[in-house]
Amino acid sequence: MSRNPRDTPASTRKITRRAAVLGGAQLAFMGLLAGRMRHLQVDQADQFRMLAEENRINLRLIPPARGEIFDRNGLPIARNEPAYRITIVREDAGNVEEVISRLAQLIRLEPEDIERAMSEMKRSAPFLPITLAERVSWEDVSKIAVNTPALPGITPDVGLSRFYPLEKDFAHVVGYVGPVSDYDLSKIDDPDQLLRIPRFQIGKVGLEAKMEDKLRGSAGTRRVEVNAVGRVMRELDRREGEPGANLQLTTDVMLQNYVQARLGDESAAAVVIDTTNGDLLAVGSAPSFDPNLFVRGISVSDYRALTQNNHRPLAAKSVQGIYPPGSTFKMVVALAGLDAGLITPEDTYWCGGYLEVSNRRFHCWKRGGHGHVNMAQSLRESCDVYYYELASRVGIEKITAMANRLGLGVRHELPLSAVAGGLAPTKAWKREVHDQDWLIGDTVNAAIGQGYVLASPLQLAVMTARIASGRAVSPRLIKSIDGVEEPSGAGESLGLNPVHLAYVRDGMYEVSNNRKGTGYSSRIIAEDKRMAGKSGTSQVRNISAAERAAGVTSNEDLPWERRDHALWVDFAPFDDPKIAVAVVVEHGGGGSSAAAPIARDITLQALYQGDPPLEAYPAKDRDRIAKQQERLRALRPELGREAKSRA
């Protein structure tokens, strides 16, 4: 037998070493594999047994806490409260109808809630939780927890729900939240995944809607392990989301409450603004409603009661309502005439009860006329003919320019729903909108705040604040966001002649403090709190020549909806203005009789930051005011009283 020449002793030793290395590597690998198998089969046996039973990992969103809303003193206006709810996940439940039937044997389920949930399940992804019942009791939650094995896909949960502790007081300012709807989603280009969660609450109207992006926050996530029947076995990981930003408003809870209570059952609005920085201290609309009804799901009967009320409780009249400003517009015309150099305060016009323009008589409210009237007298006694004459000389363009300068016909940017821009008309506007030329009669009508001129209570308050301060005061509703102060609304100088402003302010002072003034009966007695004001009455119907000849029908004898609107504006204290107030009472009749007493009471309440002493009122009113204060005190929120006592 021949020998391979390569089988030398050296080569044999080399092969032996290679085989030993390879064998050692194989043994090491086998040992490692055996160790890994032991780890998987012994150490992690329980974990893989669960996975073998069709366990799976779910990623679920954690809704963030919605930002809360506070007044200027830190009192809560909108906050979150824990609420128990029952949810169902379709893909975990299996036979949904059967599971819901079992659940209905344990707790009460409303048929409409079941119907709504079934509808939402058809529209939603199978892994999303759908709310079956909200605001359930702890007893119901306990029943479900005990019977969990028989209720696959059913989960008791606790979340946060919006609550408005002051109920009606801030309904028109803050608005309310409600479950996200298909309509809400249709208005958003790239909806946040949070909005895909059925029954997730978002702002519907008011501040809640306008500040939704800041109030909502961002979602957190949690990874959970669930078994075959959908029961959560354990939470694997959690990442908390970012809560929404807290808002602090410029409004004062106690003053807002007083305003709402003082407006009472009237169809009315009132705005209180700080003349130094534009802070809105109170923004009231009456009648109001409880926004908590909408959060919980308002009933058909409750909603019908709101929509069929002719006083329109759902309307935010203070910012949405626009009205002919009546004689409160006369300060605009006076300042336009002074600024144009077309009149001096001592120039007079003759008022014989009417002015004839283009073969039409424009009447003064005083049938016999006022005689010779200068600017101060025209404001004090609200002579219409004086302003007919003045406006005819000044012209609508200069009047409208002054109105815009004072904040009328301008939409003020506020985070509220449907803030009205009002209307300060021009010749071009009429041509564009009505395809008609402007007439001298249109200017005469505008002179006393009638015709095409329209303004909201908010705009009238801004106008008054600007007259009082001489600055372009802008209304501010949000004081700070998460503690960061928002820009002031103090504004720059209006650039008006201070002497001209003083003339108009003096005329307004006469309105409230001269015996011949239209607002004298609603004056303030306290020397350091005296106000300067102006009444207004705007017609909502045409008075025929026959009726005027026979005697104009009094408001008391007319149906409510045909009565005049009553208006009043003021600022106080006269020597050092701090606040401006505007009040509109729909179909209230005369401004001096219906709106002025309300405005005077609100003005004093704001200046004293609480109930003013009876000595601040005329003696004839003190008994009535004492009873009124006692009645309104009973309506004040407990949290406000506690805060005042601590202060």
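Everything that follows concerns the structure shown earlier in this document.
Computed from a predicted structure; not experimentally measured.

Counting its regular elements, the protein chain contains 26 helices and 21 strands. Radius of gyration (C-alpha) of the protein chain: 36 Å, far over the 26 Å computed for a compact globule of 647 residues. Seen through its principal axes, the protein chain has C-alpha atoms that stretch 150 × 65 × 55 Å. Within the span of the protein chain, comprising 647 residues, buried residues form 50% of the whole. In the protein chain, the share of contacts with a sequence separation of at least 24, taken over all contacts with a separation of at least 6, comes to 72%. Accessible area of the protein chain: about 30700 Å², with a carbon and sulfur share of 51%.

Below, the discussion takes up helix 5 (residues 111-123). For helix 5, which comprises 13 residues, the first-to-last C-alpha distance of 19 Å matches the rise-based estimate of 18 Å (1.5 Å per residue) to within 8%. Buried within helix 5 we find Arg-116, Ala-117, Glu-120 and Met-121. Mapping the buried residues of helix 5 onto a view down its axis gives an arc of 140 degrees, with all of them on the same face. Pointing more than 90 degrees away from the buried face of helix 5 are the exposed residues Pro-111, Glu-115 and Lys-122. In this fold, the buried residues of helix 5 make contact with strand 3 (76-89), helix 3 (90-93), helix 4 (96-104) and strand 4 (129-134).

On to the sheet that holds strand 21 (residues 579-585). Pairing is antiparallel in the open sheet, where 5 strands are placed in the order 12-11-21-20-19. Of all strands in the sheet, those bounded by a partner on one side alone are strand 12 (280-286) and strand 19 (532-538). Neighbour to neighbour, the strand axes of the sheet diverge by 5 degrees on average, direction disregarded. Pairing of strand 19 with strand 20 (residues 565-572), which is carried by 7 bridges, proceeds in the antiparallel orientation. Looking at strand 20, one finds that Gly-533 is bridged to Asp-570. Here helix 11 (residues 253-263) sits on the sheet in contact with strand 11 (268-274) and strand 12, set at roughly 30 degrees to strand 12. Strands strand 11, strand 12, strand 20 and strand 21 of the sheet are contacted by helix 21 (residues 457-469), whose axis makes an angle of about 150 degrees with strand 21.

Conventions we followed
- Residues numbered from 1 in each chain as written.
- Predicted model: local features only at pLDDT ≥ 70, side-chain atom pairs only at ≥ 80, totals over all residues.
- Heavy atoms only, no water.
- Helix = DSSP H or I, 4+ residues; strand = E, 2+ residues; numbered from the N terminus.
- Rg over C-alpha atoms; globule rule 2.2 N^0.38 Å.
- Buried < 20%, exposed > 50% of the residue type's maximum accessible area, 1.4 Å probe, protein only.
- Contact = heavy atoms within 4.5 Å.
- Areas by Shrake-Rupley, 256 points an atom, 1.4 Å probe, with all protein chains shown as cover.
- Expected span 1.5 Å × (residues − 1).
- Arc of directions from axis to C-beta.
- Pairing = 2+ DSSP bridges.
- Axes fitted to C-alpha atoms, helices over the stretch in contact; angles between N-to-C directions.

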